[in-house]
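Observations on the model geometry
Letter by letter, the chains look like this.
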Amino acid sequence: MSKHTPGPWVVCPGTQFEDMEPRVLANGGRHAVASVKLTGNIQKEANARLIAAAPQLLEALMMALDDSEVM
């Protein structure tokens, strides 16, 4: 499995001083994981939140896989 930036990942909304695109940050805001550039503010935020949840989703999937191998 490839390595990834460890979580937690958080959504940082764009501001008037930036390009108005939400960003997903890790390590207390020191590392940018993604910048969401789609149309529609609701879509941008929803996609940013989904990306930010990736570490927790990966952990849950790995636990489910471990549980299925036990059975």
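Residues numbered from 1 in each chain as written. Predicted model: local features only at pLDDT ≥ 70, side-chain atom pairs only at ≥ 80, totals over all residues. Heavy atoms only, no water.

Regarding the overall build of the protein chain
Each helix and strand in the protein chain was counted, giving two helices and three strands. Secondary structure elements of the protein chain, listed N to C terminal, follow the sequence β-β-β-α-α. Here the protein chain holds 71 residues, and the buried ones make up 17% of them. For the protein chain, the proportion of contacts with a sequence separation of at least 24, taken over those separated by at least 6, is 26%. Accessible surface, the protein chain: about 5,500 Å² in total, of which carbon and sulfur atoms supply 62%. (Helix = DSSP H or I, 4+ residues; strand = E, 2+ residues; numbered from the N terminus. Buried < 20%, exposed > 50% of the residue type's maximum accessible area, 1.4 Å probe, protein only. Contact = heavy atoms within 4.5 Å. Areas by Shrake-Rupley, 256 points an atom, 1.4 Å probe, with all protein chains shown as cover.)

What about the pairing of strand β2 (residues 23–26)?
In this sheet, β2 lies alongside strand β1 (residues 9–12) in antiparallel orientation, the contact comprising four bridges. Bridge pairing in β2 places Val11 opposite Val24. One ladder, built from four bridges, connects β2 with strand β3 (residues 31–35); its direction is antiparallel. Residue pairing across strands places Val24 opposite Ala34, the latter belonging to β3. Count of turn residues in the β2/β3 antiparallel hairpin: four residues, of which Asn27 carries a positive phi of about 55°. (Pairing = 2+ DSSP bridges.)

Function cannot be inferred from these measures alone, as they are strictly geometric.
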